[in-house]
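Okay, here's what each chain looks like letter by letter:
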Amino acid sequence: MSDSPVVRLEKDGDIGVIIVNYPPVNALGPGVSEGIIDSLNTANADPSIKAMVLIGDGRSFIAGADIRGFGTGRKRAPIGQRTYDVLDASAKPVVAAIHGFALGGGLENAMACHYRIAVPSAKVGLPEVLIGILPGGGGTQRLPRLVGAQTALEMITSGRHVPAPEAAKLGIIDEVLPDGTNLRESAVAYARKIADIRPLPRVRDKTVTAEQGVFDACRKSIARRARNQKAPYHCIAAVEAACTLPFDDGIRREAELFAELETSDEAKALRYAFFAEREVAKLPDLPTNVAPYDFEKPAVIGAGTMGGGIAMSFADFGYDVKIMDASQEGLDRGMERIRNNYATSVKRGSLAEDEMNRRLARIHLVAGYDDIANCDVVVEAVFERMDVKKPIFEKLDEVMKPGAFLFSNTSALDMDELASVTKRPEYVAGTHFFSPANVMKLLEVVRPSKASPETLMTAMAMGRRIGKISAMAGNTDGFVANRSRAPFNSEMVILLEEGCLPEQVDQVMIDFGYPMGPFAVGDLAGLDIGAEGRKRRALANPNYRKLPIADKLVEMGRFGQKTSAGWYRYEKGDRTPHPDPEVAAIIRQVAAEMNVPQKDFTPTEILQRLLFSSVNEACKILEEGKAYRASDVDVMWLHGFGFPRYRGGLMYWADGIGVKTVYAQIASWHQQYGERWAPSRLLRALAETNTPFREAKPAPFA
Ligand code: 3H9
């Protein structure tokens, strides 16, 4: 029996098996919901069928609505004629058989079924909030009826994927099958077992109430991360409706709230970010017949903060990792730091103690190169200086087994120069982690000219396997992320010369959506670090724009939080930044010495001065062929620098302003401030043709 190409109905004795087949993840693309409805109607009309199973082909049950269809005006079935309604009206029971993912519309369909069973590795969730909408297929009404308001609020406002065993405890899944059982066979047997039970258990028939104050408490608890966004609050309002209105009224309220979100700016930006994160994995100029090497034995050189964080990332994702340092003392200190980091997570409740112990047991301290010679991937994470890294790469080249990949966690050094000290430059690439390496999601893979496609793909895949989002960058000073960010870092200090204060700039960026302002972040990272880089660049380039205010603070020993004074002052044992009159005085003094005219800035001017400088630099990066796509820059800003996700990313945000406006402003600042604002050729060309940044065609990757 076959009805539609994407959904088919098969008969297994007296059980109808409805199979969704819409690769790769069974999203509810064109024809899928219609196919499910047709199959349900056919099965209900067939007297030889007693019950049905709804199951997915391939790697998932159903991953949700087809996100590409949102905001396109695609017609959706009205309330009353949706799969959920047909499931509710079904005279025969339906069992959802879940493997892979049941997300969004996938879980909503499963909750409209009468029973749900799953394999232990399955995950369920309502992640709609992460793309700026709410579960609009009855999820906000059915989930609270299954798990209570409190848990439903937590799941729907976080969008988290809940593993099947936990989902069973919560009451979402009726039965988790033993590991290794055949899902279809078990589901058919289950359906046969429940086929005659009446009345049919329908989630819509349950009731749910909530204690006074639950919803306000939830609003309060999400206020920080939901800043400037509507979707999380609409999610709460919809769950509140589930607890106060009859089911059908609640469904109507959900639909109203959904309609307000679907075409909102935040939903568009979040959808863009979702697809940009998938696009960034694609390396269009590499041969398609090469696969990444399936590495098993990673090693890290250097047990400092970065090396330790990288080793933790491997251990967190199940890899046994060796970590080497120049001295036993360095190793011991590194291991202590790793232990403390894990212990903090245990204390916070985000990591179970036995899991911490498992992870710690995967980290192996080793004394010398011979102990890592047999590893297949090495990530070097020592001090950021060429003369320190070169001898290490020479040694690695000598000792590592043939075919081992040699990666460097550099944030700016020339990877061609580093690769050139080895006799296997085709196996060398940059893997730039962001700090803290075990937390930050971005892995910038830096491509030296001689790296083989297999090496690049292996570096990209390595990132994904340890939970990162890998993005390819060309070998240029600062690569893509830091190079595009550098003008922002200069501009924020130059703004001070012209009359701004750190707290004023920070407030603008916090209002924009950053969790912290850039000056407060500087204090956290340490101002001495930036000063080193400035010295190096000033030596290399006589036209380098110096930042006297920043240099002065470092000269005074104001290194940031670690010295209780930086751009702000800090009370002992407290990380709260307090505006410091001493800093304001230094700013005024340096500005007077430099003879810079003072002015008042609007928040928009501050925001644009910072971000447009980076947009211009990103265009230069693209025109030089150092990145594949403007959207890759966006992914790097989202995951490397905490750019507010609901604004899509740097270039997407700039598209919202318009390429012509951005160009005109940059050209005017070029007149006013000179060379550092020289517009990129690509930017000018885009402005002339009014082509959005996201459609820019960069030069071939160089
Ligand atoms: C919803 O359900 C609304 C409802 O309430 C109803 C309202 C009326 N649509 O991520 P991967 C593509 S909202 C379209 O690399 P993984 C993806 O772009 C939806 N496409 O695989 C990629 O394409 P390509 C709620 C989708 O194994 C390919 O599939 N659901 C969708 O690492 C492989 O994806 C969600 O938000 C989709 N829904 O991760 C779930 N999902 O190969 C969104 C995937 O061309 N999806 N694609 O680049 C995910 O979170 C992950 O894809 C998933 C698999 C965890 C499922």
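Structure shown above.
Computed from a predicted structure; not experimentally measured.

Participant: Can you explain the site of the ligand? Please cite residues and give values.
Facilitator: Around the ligand, the structure places 28 residues, and the nearest of them are Arg-59, Ala-65, Glu-108, Glu-128 and Arg-278. Here Arg-59 contributes a side-chain N or O atom positioned 2.7 Å from an oxygen atom of the ligand. When the ligand sits alone it has 1000 Å² of accessible area, and the protein chains cover 78% of it. For the shell around the ligand, the secondary-structure elements that each account for two or more residues are β5 (64-65), β7 (101-103), α3 (105-112) and α11 (265-279).

Participant: Help me get a handle on the sheet that holds strand β19 (residues 469-474), residues and values and all.
Facilitator: Sheet architecture is open: 8 strands sit in the order β14-β13-β12-β15-β16-β17-β18-β19, paired in mixed fashion. Sheet topology places β14 (363-366) and β19 at the edges, where each strand pairs with a single neighbour. Across the sheet, the axes of successive neighbouring strands diverge by a mean angle of 25°, strand direction being ignored. The sheet contact formed by strand β18 (residues 442-447) and β19 spans 6 bridges and is parallel. Bridging from a neighbouring strand, Arg-447 pairs with Gly-474 of β19. Each of β18 and β19 is contacted by helix α25 (residues 630-641), which is oriented at about 120° to β19, the strand it contacts most.

Participant: Before we move on, can you summarise helix α18 (residues 481-497) with the specific residues and values?
Facilitator: An α-helical turn contains 3.6 residues, so any two residues separated by three or four positions project in the same direction. In this model α18 runs 26 Å from its N-terminal to its C-terminal C-alpha over 17 residues, within 8% of the 24 Å that 1.5 Å per residue would give. Most of α18 is tucked away: 14 of the 17 residues are buried.

Participant: Lay out the state of the cysteines with the relevant residues and their values.
Facilitator: Applying the stated criterion across every chain yields a total of 0 disulfides. This cysteine, Cys-235, is not joined by any disulfide, and Cys-218 carries the nearest cysteine sulfur, 9.3 Å off. Relative accessible area serves as the criterion here: at 0%, Cys-235 is assigned to the buried category.

Participant: Lay out helix α19 (residues 502-512) in plain terms, naming residues and giving numbers.
Facilitator: For α19, the complete set of buried residues consists of Pro-502, Val-505, Asp-506, Val-508, Met-509 and Phe-512. Buried residues of α19 fall within an arc of 155° about the axis and therefore sit on the same side. Residues of α19 that are buried make contact with α18, α20 (518-525), α23 (581-594), α24 (603-623) and α26 (650-657). One or two steps after α19, the chain reaches Gly-513, where phi turns positive at roughly 135°.

Participant: How would you summarise the pattern of salt bridges if you had to cite specific residues and measurements?
Facilitator: Oppositely charged side chains may form a pair once their charged atoms are brought near each other. The full count for this structure, using the stated rule, is 54 salt bridges. Taking the shortest distance from any N to any O, the salt bridge between Asp-397 and Arg-424 comes out at 3.0 Å. One end of the pair, Asp-397, is in helix α15 (residues 386-399); the other, Arg-424, is in the loop between α16 (415-419) and β17 (428-433), with 27 residues separating them in the sequence. Grouping residues by exposure puts Asp-397 and Arg-424 together as buried. Here Arg-558 ties to Asp-580 by a salt bridge, and the two come within 2.7 Å at their closest N and O atoms. Taken together, the positions of Arg-558 in the loop between α22 (548-555) and α23 and Asp-580 in the loop between α22 and α23 put the pair 22 residues apart, joining distant regions of the chain. An identical accessibility class is assigned to Arg-558 and Asp-580; each is buried. Each of Arg-8, Glu-10, Asp-12, Asp-57 and Arg-184 takes part in a single network of salt bridges with overlapping partners.

Participant: I'd like a rundown of the packing of α24 against helix α27 (residues 659-673), residues and numbers included.
Facilitator: The geometry of a pair of packed helices is captured by two quantities: the angle between their axes and the separation between those axes. Contact geometry for α24 and α27: axes closest at 11 Å, N-to-C directions at 100°. Here α27 runs roughly perpendicular to α24, going by the angle between their axes. Contacts from Gln-608, Arg-609, Phe-612, Val-615 and Asn-616 of α24 reach α27 at Val-662, Gln-665, Ile-666, Trp-669 and Tyr-673. Residues that form the contact of α24 with α27 fall into these classes: 6 nonpolar, 3 polar and 1 charged.

Definitions and cut-offs
Residues numbered from 1 in each chain as written. Predicted model: local features only at pLDDT ≥ 70, side-chain atom pairs only at ≥ 80, totals over all residues. Heavy atoms only, no water. Near = heavy atom within 4 Å. Polar contact = N/O pair within 3.5 Å; in protein donor to acceptor, adjacent residues only side chain to side chain. Areas by Shrake-Rupley, 256 points an atom, 1.4 Å probe, with all protein chains shown as cover. Helix = DSSP H or I, 4+ residues; strand = E, 2+ residues; numbered from the N terminus. Pairing = 2+ DSSP bridges. Axes fitted to C-alpha atoms, helices over the stretch in contact; angles between N-to-C directions. Contact = heavy atoms within 4.5 Å. Expected span 1.5 Å × (residues − 1). Buried < 20%, exposed > 50% of the residue type's maximum accessible area, 1.4 Å probe, protein only. Disulfide = S-S within 2.5 Å. Arc of directions from axis to C-beta. Salt bridge = Lys/Arg side-chain N within 4 Å of Asp/Glu carboxyl O. Parallel < 35°, antiparallel > 145°, perpendicular 65-115°, else oblique. Nonpolar A, V, L, I, M, F, W, Y, C, P; charged D, E, K, R; others polar.

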